[in-house]
Amino acid sequence: MKQPVRIALLQMDIALGDPATNFAKATEWIDQAAAQGTDLIVLPEMWNTAYSLHNIREIADQNGAQTREMIGALAAKHRVNILAGSVADVRDGEVYNTTYLFDRTGAVVGDYSKIHLFRLMDEEKYLQGGEQIGRFSLDGVEIGSMICYDLRFPELSRTLSLSGAQVVFVPAEWPHPRLNHWRHLQIARAIENQMFVVSCNRVGRAGETEFFGHSMVIDPWGEILLEADETEGIHHVTIDLGVVPEIRSRIPIFEDRRPELYSQK
Ligand SMILES: O=C(O)CCC(=O)C(=O)O
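Rules used throughout
- Residues numbered from 1 in each chain as written.
- Predicted model: local features only at pLDDT ≥ 70, side-chain atom pairs only at ≥ 80, totals over all residues.
- Helix = DSSP H or I, 4+ residues; strand = E, 2+ residues; numbered from the N terminus.
- Rg over C-alpha atoms; globule rule 2.2 N^0.38 Å.
- Buried ≥ 20, exposed ≤ 12 C-beta atoms within 10 Å, placed from the backbone.
- Contact = placed C-beta atoms within 7 Å.
- UniProt positions renumbered as here; feature names shortened; annotations may be inferred.
- Core = buried A, V, L, I, M, F, W, Y, C linked by C-beta atoms within 7 Å.
- Pairing = 2+ DSSP bridges.
- Axes fitted to C-alpha atoms, helices over the stretch in contact; angles between N-to-C directions.
- Near = placed C-beta within 6 Å.
- Nonpolar A, V, L, I, M, F, W, Y, C, P; charged D, E, K, R; others polar.
- Parallel < 35°, antiparallel > 145°, perpendicular 65-115°, else oblique.
- Left-handed = near helix turned anticlockwise from the far one by under 90°.

Describing the overall build of the protein
In step 1: On a plain count of helices and strands, the protein comes out with eight helices and 16 strands.
In step 2: What you see for the protein is a C-alpha radius of gyration of 17 Å, in line with the 18 Å of a compact globule of 265 residues.
In step 3: Each principal axis of the C-alpha atoms in the protein carries an extent, and together these give about 50 × 40 × 35 Å.
In step 4: Counting only residues that meet the buried cut, the protein has 45% of its 265 residues in that class.
In step 5: Long-range contacts, defined here as pairs at least 24 residues apart, represent 68% of the contacts in the protein between residues at least 6 apart.

What follows is the structure, given as structure tokens:
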């Protein structure tokens, strides 16, 4: 990606169990974000269905086909990279919570299925956990992809940073009353791994659950470059990846690690 990188976060509300409405809205918002000028567009978690788990198998995207076709076409049309949040998709009879990553030609660079399923929302009863981490190269930039609850597992972001990721993306459906956790976990992940953390959280309600937005962009020094409010909107931010090696040489934590003393389990 040319430097600096301009990122657009689509902090949307999501219609529960209504993929047609959500695909139409995502299309409109991607068109709008691209018209405003951006290198990379990021959507929230499960933006096609939200947590309509009781019928998720029927409404999930079959083999990710609709996501690949529609979001791929938008990426190609606007010559923009798209980290398509995550969608509920069905593969080999199992339902996953999957991020698809598109480059400017509309090709799928890779996909990542959420590996840590969130019991508080019954994910483990309806979804299958992924078996691989999300580590990609996009436009020459090394990135990592996590989803929501993954943020609570420092091993994952550490694995991503050790493998060279300079930016980690976190699409989410993170609700009240855990705003405090959401903010501090992201700041910690950014500081401890000396990388950018870029999150896109949904807003709106599903039953009793209220999602607070507060999508964030945090630099490798832990400074908050952007924090959205609790309303719908497109948020733009520009990041300079040059600060990653600069901060990693200022405090050389990767050289000072003592992995031989750390437990592996
Ligand atoms: O960890 C949390 O508090 C929220 C996680 C979550 O909502 C999710 O993974 O969908």
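Digging into the UniProt feature "domain: CN hydrolase" (unreviewed entry) in the protein
In step 1: Feature annotation in UniProt places "domain: CN hydrolase" (unreviewed entry) on residues 5-241, given in this structure's numbering.
In step 2: Taken end to end, residues 5-241 is 27% helix and 33% strand, and its two terminal C-alpha atoms sit 8 Å from one another.

Topic: unusual backbone geometry
In step 1: H176 connects to P177 through a cis peptide bond whose omega is 5°.
In step 2: You can see P177 is positioned in the loop between β10 (167-172) and α6 (179-193).
In step 3: In the Ramachandran plot, M46 falls in the positive-phi region, its phi being about 45° despite a non-glycine side chain.
In step 4: Along the chain, M46 falls in the loop between β2 (40-42) and α2 (56-59).
In step 5: What makes M46 buried here is the crowd of 30 C-beta atoms within 10 Å.
In step 6: Not every positive phi belongs to a glycine, and A50 is a case in point at roughly 55°.
In step 7: Inspection of the secondary structure assignment puts A50 in the loop between β2 and α2.

Focus on the nonpolar core
In step 1: Counting residues in each nonpolar core, the largest one holds 69 residues, and the members touching the most others are L10, V42 and I82.
In step 2: Ignoring sequence-local partners within four residues, the contact set of I82 consists of I30, I41, I71, L74, A75 and F102.

Side note on the environment of Q128
In step 1: Following the sequence through the fold, Q128 ends up in the loop between α4 (123-126) and β8 (134-138).
In step 2: Between the alpha carbons of Q128 and V80 there is a distance of 30 Å; along the sequence they are 48 residues apart.
In step 3: If we skip the residues at most four places from it in the chain, Q128 touches E94, V95 and Y96.

Quick look at the sheet that holds strand β11 (residues 196-201)
In step 1: Sheet architecture is open: six strands sit in the order β8-β9-β10-β11-β14-β15, paired in mixed fashion. Each of the sheet's edge strands pairs with one partner strand only, and the pair in question is β8 and β15 (224-227). For this sheet, the mean angle separating the axes of adjacent strands, direction not counted, is 15°.
In step 2: Of the strand pairs in this sheet, strand β9 (residues 141-145) and β10 are connected by three bridges, and their pairing is parallel. Bridge assignment links S145 to a residue of β10, and that residue is F169.
In step 3: Across the sheet, α6 lies against β10, β11 and β14 (216-218), angled at about 155° from β11, the strand it touches most.

Let's talk about the site of the ligand
In step 1: Lining the immediate environment of the ligand, one finds F118, M121, C148, Y149, R152, E173, W174, R178 and H181.
In step 2: Of the residues assigned to the shell around the ligand, the class counts are five nonpolar, one polar and three charged.

Digging into the packing of helix α1 (residues 19-35) against helix α3 (residues 65-78)
Each pair of packed helices can be summarised by the angle the axes make with each other and by the distance between the axes.
In step 1: Look at α1 against α3: their axes get within 10 Å of each other, and the N-to-C directions meet at 15°. Comparing their axes, α3 and α1 come out roughly parallel. Crossing of α1 against α3: the hand is right-handed. Each of F23, T27, I30 and A34 in α1 lies in contact with α3, whose residues at this interface are Q66, M70, L74 and H78.
In step 2: In terms of residue class, the contact of α1 with α3 is built from five nonpolar, three polar and no charged.

Topic: the pairing of strand β6 (residues 94-102)
In step 1: Counting buried positions along β6 gives eight out of nine residues, so the element sits mostly inside the fold.
In step 2: Where strand β4 (residues 81-83) and β6 come together, two bridges link them in antiparallel fashion. Counterpart to L83 in the pairing with β6 is L101.
In step 3: Where strand β5 (residues 87-91) meets β6, five bridges bridge the pair, whose relative direction is antiparallel. The partner of R91 across the bridge, within β6, is E94.
In step 4: What sits between β5 and β6 in their antiparallel hairpin is a turn of two residues, with D92 showing a positive phi close to 50°.
In step 5: When β6 meets strand β7 (residues 108-113), the two strands line up antiparallel, connected through five bridges. When the bridges of β7 are listed, T99 appears paired with Y112.
In step 6: Taking the residues that link successive antiparallel strands as the turn, the β6-β7 hairpin has five residues, and the phi of G106 there is positive, at about 90°.

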